[in-house]
Each structure stands twice: as C-alpha cells, then as structure tokens.
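Breakdown of the fold
Now for the letters of each chain:
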Amino acid sequence: MGDRSVFDMMRSISALVLLDLDGSRLIAHYYDKATFPDLKSQKVFERKVMRQKTLLKSEISFIDDLICLNLNHSDIRFFVAGPLGGNELVMKEFLACVVELLRVMFKETLSCQSLMENMHAVFILLDEICEAGVILETNPLTIVDRLRARSVRSIEDMTLGELLEFAKEKLMTM
Amino acid sequence: MSSFRKDKKDEEEGGSGNPFNNLEKASVLQEARAFNDTPVNPRKCTQILTKILYLINQGETLGAREATDAFFAMTKLFQSKDVILRRMVYLGIKELAPIAEDVIIVTSILTKDMTGKEDLYRPAAIRALCAITDTTMLQAIERYMRQAIVDKIPAVSCAALVSSLHMCQYSGEIVKRWVNEAQEAVNSDNIMVQYHALGLLYHIRKSDRLAVSKLVTKCTRMVLKSPYAACLLIRIACRLIKEEETGPDSPYLEFIESCLRHKSEIVIYEAAQALVNLKTSTSSTSSRELGPAVSVLQLFCSSPKPTLRFAAVRTLNKVAMTNPAAVAACNLDLENLITDVNRSIATLAITTLLKTGAESSVDRLMKQIATFVSEISDEFKIVVVGAIRALGTKFPRKHGVLMNFLSSLLRDEGGLEYKAAIADTIITIISDNPEAKEAGLSHLCEFIEDCEHTSLAVRILHLLGKEGPRTKQPSRYIRFIYNRVILENASVRAAAVSALAKFGALCDDLLPAILVLLARCRMDTDDEVRDRATYYYAILDQQSRALNSQYILNPLPVSVTSLEKALHLYTLDPVDTPFDIKSVPLALESETAEAEKKAGAPEGSRTIQIESTFEMLQAAEPTATRLDVFASQLANVPSVAALNLGPLFKSSQPSDLTESETEYVVQCIKHVFSRHVVLQFDCTNTLSDQLLENVHVALEAPEGWEILAEVPCPRLEYNVSGTVYIVLRMPEEISECLGSFTAVLKYKVRDCDPATGLPDSDDGYNDEYALEDVEISVADQVQRVMKTDFAMAWEEIGPTNELEDTYALTALNKLDDAVRTVVQFLGMQACDRTDRVPPGKSTHALLLAGVFRGGYEVLVRTKLAMSPQTEGVTMHLCVRSEDPSVSELITQAVG
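Residues numbered from 1 in each chain as written. Chains lettered and ligands numbered in written order. Predicted model: local features only at pLDDT ≥ 70, side-chain atom pairs only at ≥ 80, totals over all residues. Heavy atoms only, no water.

The cut-off we apply is this: UniProt positions are given in the numbering used here, feature names are shortened, and annotations may be inferred rather than shown by experiment.
In the annotation of an unreviewed UniProt entry, chain B is listed under the name Coatomer subunit gamma and assigned to Notodromas monacha. Per its UniProt entry, chain B bears the Sequence similarities (unreviewed entry) comment "Belongs to the COPG family."

Chain A carries the name Coatomer subunit zeta in an unreviewed UniProt entry, which gives Notodromas monacha as its organism. Quoted straight from UniProt, the Subunit (unreviewed entry) entry for chain A says "Oligomeric complex that consists of at least the alpha, beta, beta', gamma, delta, epsilon and zeta subunits." Checking UniProt for chain A, the heading Sequence similarities (unreviewed entry) contains the comment "Belongs to the adaptor complexes small subunit family."

Topic: the overall build of chain A
What counts here: Here a helix means four or more residues in a row that DSSP labels H or I, a strand means two or more in a row labelled E, and each is numbered from the N terminus. Working rule for contacts: check all heavy atoms of both residues, and any pair within 4.5 Å makes them a contact. Shrake-Rupley sampling with a 1.4 Å probe provides the accessible areas, and residues are treated as covered by the protein chains on show and by no other component.
Check the secondary structure of chain A and you find eight helices and seven strands. Long-range pairs, those at least 24 residues apart, make up 49% of the contacts in chain A with a sequence separation of at least 6. With an accessible surface of roughly 6,300 Å², chain A has 53% of that area assigned to carbon and sulfur atoms.

Things to note about the sheet that holds strand β2 (residues 25-30) of chain A
Backbone hydrogen bonds hold the strands of a sheet together, and the pairing may be parallel or antiparallel. Residues and elements named next belong to chain A. Put simply, the test is: When DSSP locates at least two bridges between a pair of strands, those strands are taken to pair. For helices, the fitted line uses only the C-alpha atoms of the stretch in contact; every axis is such a line through C-alpha atoms, and the angle between N-to-C directions lies from 0 to 180 degrees.
Spatially, the five strands line up as an open sheet ordered β2-β1-β5-β4-β3, and their pairing is antiparallel. Here the strands that pair on one side only, and so sit at the sheet edges, are β2 and β3 (60-63). Going from strand to strand, the sheet's axes swing by 25 degrees on average, the running direction of each strand aside. One ladder, built from four bridges, connects β3 with strand β4 (residues 66-73); its direction is antiparallel. Across the sheet, I63 pairs through a bridge with L66, a residue of β4. Where helix α4 (residues 88-105) meets the sheet, it contacts β1 (15-20), β3, β4 and β5 (76-83), and its direction lies at approximately 25 degrees from that of β4.

Some remarks on the pairing of strand β9 (residues 739-751) of chain B
Residue and element names in this part refer to chain B. Bridge analysis of strand β5 (residues 690-700) against β9 gives nine bridges, and the strand direction is antiparallel. Paired with L699 across the strands is A743, a residue of β9. Where β9 meets strand β11 (residues 774-776), three bridges bridge the pair, whose relative direction is antiparallel. Each residue of the ladder has a partner; that of S740, found in β11, is E775. Sheet topology note: the β9/strand β10 (residues 765-770) ladder contains six bridges and is antiparallel. Among the inter-strand pairings, K748 is bridged to a residue of β10, identified as N766.

Concerning the interface of chain B and chain A
Formally: Here the buried area means the combined drop in accessible surface, using a 1.4 Å probe, for two parts upon being joined, counting both sides. Here, a salt bridge means any side-chain nitrogen of Lys or Arg that lies within 4 Å of a carboxyl oxygen of Asp or Glu. Any pair of nitrogen or oxygen atoms within 3.5 Å is treated as a polar contact; in protein, a donor-acceptor pairing is required on top of that, and neighbouring residues in sequence qualify only through side-chain atoms on both sides. Each residue gets one label: Ala, Val, Leu, Ile, Met, Phe, Trp, Tyr, Cys and Pro are nonpolar, Asp, Glu, Lys and Arg are charged, and the others, such as Gly, are polar.
Taken residue by residue, the interface counts 67 residues in chain B and 62 residues in chain A. Carbon and sulfur atoms make up 60% of the surface buried where chain B meets chain A, a total of about 6,100 Å² over both sides. In this structure, R127 of chain B engages E131 of chain A in a salt bridge whose closest nitrogen and oxygen atoms are separated by 2.7 Å. At the junction of chain B with chain A, the criterion picks out 26 residue pairs in polar contact (both at pLDDT 80 or more). Each residue belonging to the side of chain B that touches chain A can be placed in one class, and the counts come to 32 nonpolar, 17 polar and 18 charged.

Quick notes on the pattern of salt bridges
Pairing between side chains becomes possible if they bear opposite charge and their charged atoms approach one another. Tallied over the full model, the rule gives 47 salt bridges over all chains. Between R103 of chain A and E100 of chain A there is a salt bridge whose closest N-O contact spans 3.3 Å. Within this pair, R103 of chain A and its partner E100 of chain A are both found in helix α4, separated by three residues, close to a single helical turn. A network of salt bridges, in which partner residues are shared, links D127, E128 and E131 of chain A together with R87, K94 and R127 of chain B.

Focus on the packing of aromatic side chains
Note the following rule: Here the aromatic set is Phe, Tyr and Trp, taking the six-membered ring for Trp, and pairing holds for ring centres within 6.5 Å; pairs whose planes are under 30 degrees apart are stacked, those over 60 apart are edge-to-face, and all others are tilted. Accessibility here uses a 1.4 Å probe with only protein chains present; expressed as a share of the type maximum, an area under 20% marks a residue as buried, one over 50% as exposed, and anything in between as partly exposed. Put simply, a charge is over a ring when the Lys NZ or the Arg CZ is close to the ring centre, within 6 Å, and near the line of the ring normal, within 35 degrees.
Going through the model one piece at a time under the given rule, you end up with 13 aromatic pairs over all chains. Taken together, a centroid distance of 5.2 Å and an interplanar angle of 70 degrees make the contact between F36 of chain A and F45 of chain A edge-to-face. Neither residue differs from the other here; F36 of chain A and F45 of chain A are each classed as buried. Taken together, the aromatic side chains of Y30, F36 and F45 of chain A make up a single cluster linked through ring pairs. Above the face of the Y477 of chain B ring, R476 of chain B is positioned so that its terminal group lies 5.3 Å from the ring centre. Here R522 of chain B stacks its cationic end above the ring of Y537 of chain B, 4.1 Å away from the centre of that ring.

Re the environment of G63 of chain B
Note on placement: G63 of chain B falls in the loop between α3 (42-57) and α4 (64-75). Along the primary structure G63 of chain B and I99 of chain B are separated by 36 residues, whereas in three dimensions their C-alpha atoms are 7.3 Å apart.

Notes on the packing of helix α25 (residues 437-449) of chain B against helix α26 (residues 454-467) of chain B
Residue and element names in this part refer to chain B. Our working definition: Crossing handedness is defined as follows: a turn of the near helix away from the far one that is anticlockwise and smaller than a right angle gives a left-handed crossing, while the clockwise case is right-handed.
Running from amino to carboxyl end, α25 crosses α26 at an angle of 145 degrees, the nearest separation of the two axes being 10 Å. In the packing of α25 onto α26, the handedness of the crossing is left-handed. For the pair α25 and α26, contact is made by K437, L441, L444, C445, F447 and I448 and by L456, A457, I460, L461, L463, L464 and E467, respectively. Among the residues forming the contact of α25 with α26, the class breakdown is eleven nonpolar, no polar and two charged.

A closer look at the nonpolar core
Here is the rule: For this analysis, a nonpolar core means a set of buried residues of the types Ala, Val, Leu, Ile, Met, Phe, Trp, Tyr and Cys, connected via side-chain atoms within 4.5 Å.
L102 of chain A together with F35, I93, L110 and I256 of chain B are the most contacted members of the largest nonpolar core, which totals 271 residues. Grouped together as the second largest cluster of nonpolar side chains are 33 residues, Y664, V666, C683 and A743 of chain B included.

Comments concerning the pairing of β5 of chain A
Residues and elements named next belong to chain A. For β5, the buried fraction is high: seven of the eight residues fall into the buried class. For β1 and β5, the ladder comprises six bridges, and the chain directions are antiparallel. Bridging across to β5, L18 finds its partner in F78. By the bridge criterion, eight bridges tie β4 to β5 in an arrangement that is antiparallel. Counterpart to N72 in the pairing with β5 is R77. Turn length for the β4-β5 hairpin, with the two strands adjacent in sequence and antiparallel, is two residues, and the turn residue S74 shows positive phi of about 45 degrees.

Remarks on the side chain of Q829 of chain B
For Q829 of chain B, the location among the structural elements is in strand β14 (residues 829-830). Here R784 of chain B takes part through its side chain, which lies 3.4 Å from a polar atom of the side chain of Q829 of chain B.

Details of a negative patch on the surface
The condition that has to hold: Exposure above 30% relative accessible area and no salt bridge define the residues that can form patches, which grow by joining like charges within 9 Å and nonpolar side chains of Val, Leu, Ile, Met, Phe, Trp and Tyr within 5 Å. By the counting scheme adopted, Arg and Lys are positive, Glu and Asp are negative, and His together with the chain ends is not counted. To locate a charge, take atom NZ for lysine, CZ for arginine, CG for aspartate or CD for glutamate.
A contiguous patch of negative charge, built from D656, E659, E772, D773 and E775 of chain B, is present on the exposed surface. By the secondary structure assignment, E772 of chain B is in the loop between β10 and β11.

Regarding unusual backbone geometry
All names here are of chain B. Backbone torsion omega between T38 and P39 reads -10 degrees, so that peptide bond is classified as cis. Relative to the helices and strands, P39 is located in the loop between α2 (25-31) and α3. At D102, a position not held by glycine, the phi torsion is positive, near 50 degrees. Mapped onto the elements, D102 comes out in the loop between α5 (83-96) and α6 (107-115).

Describing the confidence of the model for chain A
In plain terms, the rule: Every residue is assigned a pLDDT by the predictor, reflecting its confidence on a scale from 0 to 100.
Here chain A averages 83 in pLDDT, while 87% of its residues score no lower than 70. For the stretch residues 152-157 of chain A, pLDDT sits under 50, and the model shows 14 contacts to residues farther than four places along the chain or on other chains.

Re the environment of S61 of chain A
Relative to the helices and strands, S61 of chain A is located in strand β3. Measuring from C-alpha to C-alpha, the distance between S61 of chain A and V49 of chain A comes to 9.3 Å, with twelve residues separating the pair along the chain. Side-chain polar atoms of S61 of chain A contact the side chain of Q52 of chain A, separated by 3.5 Å. Of the polar contacts made by the side chain of S61 of chain A, one reaches the side chain of S344 of chain B; its length is 2.7 Å.

Some words on the state of the cysteines
All names here are of chain B. What counts is decided by this rule: Disulfides are defined in this document as cysteine sulfur pairs within 2.5 Å.
Going through the model one piece at a time under the given rule, you end up with zero disulfides over all chains. Take C330: it sits in no disulfide, and the sulfur closest to it among the cysteines is that of C301, at 6.0 Å. A residue is classified by how much of its surface remains accessible, and C330, at 0% relative accessible area, is buried.

This is how it looks when you write it as structure tokens:
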C-alpha cells in the first residue's frame, strides 16, 4: 500500500470480461497488467470464473487474490474483477452501468449475436466508461447523451445513432 | 432484430451469425489496404478496423512491422468525416501505440481534434494523443492539455485529467506544473471532474505532506458530491493518518467517521473498511473504537444485495482476526448468513464465527457447518478446515467434537489438497494436545484404510510409526499398518514397513510379531520394500537398544547430498581405511525445518516428512545445501585448499563487523573445520572516489591460536564486493577454543574519478579501518542434531563425561526467553518439543542435542526455574558428551 502510485489507487477495476455460455471470450479488457501480464494468465482467469459455481449463481466471490463479480444477461456472462483492497460496491456499480447501457441500446435483444454484430459500438461504449481501469463515467444517461449528440448525423452508419436514440428514450422513461 | 444486421455477407461467411468467426490475422491485415482507397468508405473501414481490434482483444499479437503498417494505413482514415469511424481510429491508435513505430506522426492531427469544435471527438482525441506522447512531445502539447483540464465540457476535462494521471507515471515533472488547472477542476460542479481532479492534485502534491493535509482539510469541508471522490479522499486521509501516526483525535479520523453517515453506500462501506484497516493494524484497539464501523457493517449483513453482504462479512472477518470481541455483537446476523445462497458469504460468515464464537457455541457451529459443507467447493472447504485448526488451538478441550467433525470430512469426497489440509489439522491437534492423540490416530488409521492419495498415506504411516508405539495400546495400530502392506502400491508398502519397524524397536512385547511380519515382507515383489524389510529385520533381530535407536529411530544425521558427494569421492580414490561417516558434514536441522515451514502447512502433500535414508534418497532432485556451496567455494581458493583442512563442519551466519552505513562494509562468516577455522571477510567499498588495493585483515589472535594462511583481496572497487580469507589453527586444548579477536582492515587507498573508477595517480597511501571483534563461540562449533528419543540417547552416551553446574540468568525474566537464549547460545537442537514452554509454568526442562566439531556427540539437559527471590531464571545444566573436554567447554562457556 505504501508505495502505490495514485493511478493504482484510482484504478477500481482490474479486468472487465465478457464471455459466452461456453466460456469463450467475446470481449476482454485487462487493465491491471501486473496481475494479468499475458494471454496465459488471462485465459486461466477466464477458465476459473466459469468454474466457480458460487460466482455464477450469486453475483460475487473470490478468484485467487481478486474479488470477482458476475452478471448474466441472456447468453452473455459479464465479469468484473478488482483487487482485495478495492471497493466491491464500486465494481458493482461499474458492472451494472456496462450491462444497463448495452441492454438499453440493444433493446431487449442483447445477446452474443447482437453484440458481435455491433462490436464497433460496444468498443466505443466501453471506451466511454473506463480508461485503463479508472472509471470515467457510470451514469448511463450521460454516456448516451455524449455519444448521441452527433452520431445520429453520421450519414454512413446509422446503426450506432439509431441505437443511441432508442437508448435515450428508454432511459428517459425509466 | 433483423434491422440491426449490418452486413448480410459477413453473416453468411460467419455461419453461426458471428461475423468474426474464423478471422485470420494475415487476411484482416490484407483487407486493411482498403484504408488507402479514396474516397474512404466509412462503413467498410469501420468493419475492418473492428476486426483488427477484435483480433487484438482476442489475444492475437501483432509484430512491430505489422502494427506499423496498419497504423500508417489507419492515418489515411482521418480524411473521412464520419464520427463513428473517427472514434474507431482513436481506439486503433491507443491499441497500436505501444507496438507500432513512429506513432507521433499523428500528433498534430489529434491536437487539432482535441481543440476542434466536434465535442464527440475531443475527449477521445485527448486520450489517444496521450497514448502516443512521450516526455519530449508532452511539452509541445502542454498548453492544450492545460486548457483541456479546465474545459467547460466535463468529458473533455475528465479525459485530460485521467490522461495526465496516466502520464505522471513517466513525465511526472511536467504534469506537476499543471497544479493550478487541477486546483480549478477540483472545484468543478461535475462529480466525475471533481473525482479525477482530486486524484491528479493529490499526485502532484503527494510528496509535500503539508500541502496534502491542506488539500484534505479543504476537501473535507466542501463536502464532495461524488462518491468516488469521497472514497479517494478517505484513502488519502488513511495514508496521512498512517504517515503521521496521529492519535485518536485526528481530524482525518473524524472525517472518515463522518463518512459512515454518507448517503451513498459506496462511501459508507469505504469508510468502514478504512476504519477497520486502520484500527486493526494497531494492536491497542478497544472494541469500542471499532463500534461505529462494525455497526454499519452489521446493517449491510441483512441487505438483499449479495455484494453488500459479501462486503460486510469480508470486512467483519478481517476485524475478527485481531479483535474478535468487536464482532461479537454481530454474531446473530452472521449466523443467519451461514445459510446464505452465496457460498462465499456463508464461508466467510462461518470462519468469522469460528474466530469470535465462545467455547459453548462450538458444538452448534459444527452442526451447522456439517449441513452445508458438502455443497461448497474444495477451496472454501480448505478455508473452513483452516478455521477449525485455529479453533483447536483456542479451545483444546473441544478436541472431541472437532476431531469427530474432521473425520467425517475425511470420509467425504475431496481432492488431495483438501484431504491433506484435514490430515494436517488433525496432526496439529494431536501434537498440541496429548489428550486428543489416541482419538486422532484412530481416525487417521481409518482414513488410510481407504485413501487414494499415496503421498498422504505415506505421511500418515510415518506419523503412526512415530506416535503409535508411545500410546497405551500400540498393538491396535499394527493391523491397520500391515493391511497397507497387503493392499497398497509399493511406496505405501515401503512406508508401512518402516512404520512397523519403529513399533518393533520400541515395543518389546510386539517384537516377535513384528519380526514375523517383516519376514513376510521380505518376499515382496518390490525391491525397495524388500530392502527395507531385510534391513529392519536384520537390525531388530539383534535386539539391541543402541542399534535400534541409532539405525531405526533417529534420522540420518548427515545431509544426503553431502553423503552422496563424500561416497563418490571415496570410491574415486580407493584406500584401505573404511569410509567414516563422521567425515560427512551434518545436515542442518534448522534448514529442513525452515524449508518445511516455507512449504506451508495446508499444502501438506508437499511437506511429507521424510525420515529414513531410503525415503530421503527417493526424494526428488537433491538440492545442494548451504554448506556444500561454501565447501566448494573454499575449495576454489588455492591457499586454503592446499592446507587440506578436511570436510567443512559448519558455516556461521554472516555477522556484521561494521555499521551498515559506513565507508566500508565488512561481514564475517566463520567456517569451522575439525581443527581449523576459516574466517571469510566479505568487504564492500561504498566510496565511489576510492579504489582499495591489497586489502587484508590484521587479526590479533589469543594464545594457542595460530594463523596459517591469509588470502588478501588485491583490488576493491566501488560497490564490488571482495573477499579476504584467514585460516586459523585452533588450540589443541578444546577448552581454550573460545576466543575473541581484534580485527583491523588494512589497505592501500588510491583516489580515483567517481565517474570512471580509474585512479587519478599511480601512488596511494596506506590506511586502516578498525572492525568489531570477531568472536568464536560454542554455537559456531556445534551442529544441531535431532534425537527422536532423547532419554535413550542420554543413557547410551553414559555418565562418563558428565558435568553439571547451576547458573543464575538474571538478565532474563521469562522462561521462554531463557529457552530461546540457551538454544541460541549453544547452537543445539531442542528435542522432544522442549523448546516450547507451556504457558503458566514456572519450571521447564529443556533437552538439547548436538555434535561438536570432530564428531563428538553432546547432549545437554537443563532445568529452568523462575526464581522468586532473585528475579530471573535459575538454570541447572547437565552435559554429557563423548569427550570430557567438550563437556568442560560447554559448562565453562555458559558461566
């Protein structure tokens, strides 16, 4: 604790991983390079979370020296990991924001399939929520507003704009 | 759903609807050539860029060349005005920046985007820009970064702040100049800006404690709206409290406590966690001080949200480790959590309860655990077993309940690690609590009847051999052990044979039966089992107690690697004299004990205690002992090797002859041979402007000692350590072999250039530096040896060279301190666990065993008593050894 840099102190999230039902990686962001230095350690982690029944059934558990949270939506499993010294409630809020955003954007059809088909939108979305493990914003409405402002006018690609427009309406009525 | 499908073609290719199935790096990079088309096709390029990012995300690695090519192709996409494509390009830049070369080429275009009118570009452009910027480039964009930090659009400000924090890791000095902007941002209305600005401001000021405490004081007053910022402030306050070691009335502590009433659960939990960490790290905390934190955690315990319950019970568990009384108030809530659907929460609740629970609740808790233990994973079961182990030491009277519970766990399904943890716990309970021994052994006997783990069975058989013969009814174990010989694989059979032999050696009435069983084992199909049976049969058949204790009960006193080396040398050079085992260096008891400790108790499988020679030889990859390392080092010094000192007996731990922060640092290691001592002086020159030449140590030896050889160190450069050796012959009379030598370091100094290390001139001057005295003590000349049966060894050695005396150790006023001091002073091994003083006793018997250099066995029996009149410990010491002068030396030395 003594010599940790401030960046480490502010990094609430060590990893965000989206897997399908078989445990194959859909999208994975490993922010903590010290804990996950290479693909091998990441794959080991992905295997472990899929094996932990407690985690899969009821939201939270330990995986090695990490606290890990899980949320399932249709055929996607979302996992967030953070350090033992971290705050699991912050991790929970972050995870809830990611899932909520994707859910409202893809209407009720959020699934591996729709995720894959709109991968570029997902990449951009996650980039708005978190930078290198430091949370940028966790209010879904703010994020949608930010992206929506101009995306609608993107002539060539209507998809993201359309999705955002829908999400905005949805969030406003909630 | 069909309305979302973008690219029908990809769908068909992908087959299962996943457009990214079967992507190949080479073909995707090939596709990236489309980036060069004019006009840019945004949809197509977005798709290709997504594929590249997807591949990288899947763990595909690009080479520097591939990344650079893709990166440059990507820069062409800046021509397009499509916002989505532009965002993807930013992501691509961030992803490829660490691999590709010459990435700074996009600096100007990103700078334009970050200062431009398009709000959607600006934050992302800042983050991409910072990913490609190094210290030199940072100065060029510094102006824009400063502006961005205080931008009125929160997203821009956040991006600039977070990126600045990121860059602090390598360009701290430049970022430090942005303190005014960060200060302004802290006052922002936007909660996220506030949070990130606080982080940056703290980073800039963190080395200035006064500024940090000002910052914290100010922020605590302004009531931060952002929960994240509040959490960060709590963490900073914690650091301040730790650094300043302020008392209980610190204003920071007051702030953290006030956060327990924050409206956000995140902040409440962070504050509770911080208080627990702060308070449990100082030992003198009353449960009352933890009260407020514990009571908010208690509320969380009954929350419907699993994460909240998890957070609460995890933190309470931490409190229970140091202040179990403070958690007692939550016992009822914790008991409700035992049946929690989330098994992690249930397990944490159980282990917390086991720590806080009273003796009277043990039975009930065990019953509750039993109801769910089969449903949790091995990992958690091990945690539960660990908690039970702690409970066993805490409430020794409850061993019956605990033991029954553990044995029922042993019968259930489980992996090796789990079973080993249970067996370990039973063994710990047995060794701490003699009352539990019989029950524990019979549970273990039952377990090996049906144990599929060879290593565990071997370990238990070894324990049975050690403990079984000393129980009231040794005969009952024979059947269990012999069953192994009939039913198991070779390793287990061999271990069973060794265990049987121990019964034969210790229980006279069982000997005839054991001999019959061993005779049967001589027909075994396995070589090892047959060899052992034959060996033990031959020894037991002699019916000699001395033989039994030396060759069956006591472990091999030498290390196997050293023995192997010595035997190899012996066979290389055949002589008429028989091989003398005394010429082999003794195994260091402490080293093996430490190695076992390191391996860790729960991983019992790895700490299988190996006792007999055969088992030790079987043990995988023999590691060179410390002694072997020194022996070969000394053999490489020609003038030491030429003296032919014989085998190395013992090397001491290095002792400092100088203060640690002085011009020259000298450490001394004493290598003791049967008649000689080699002093090894490791010297380091810490002055960068000096080169030392012809470094040697002048030693003033007392009468009787003779300096045979000196090996000076020719050159001692700055920060390169060098070694000086001195060989001494010890006095003939053993009783004179303790001494203290005045030592002076002598050398020729040549001043030199600190940068190059080259001397300024050819001539130097002689100088010297006084060192602390070198002491040769009893411990240097004695090697620890473990005797499993001290009484037997005591009788064996006989009273011929017995000496006794009584001493008053006035400086010590606790028995366990006295025991530690005596063990350390004599350098001998405490036997029969006599190094542990049971609490509350006023007398204690300490049994020590060792071997004096030259191979003389020494045993010491001490009786320690607290003396009420003199305030101190009185010690009666009785020495027996194979040589009268050794006994004399030891009684003398203690006085």
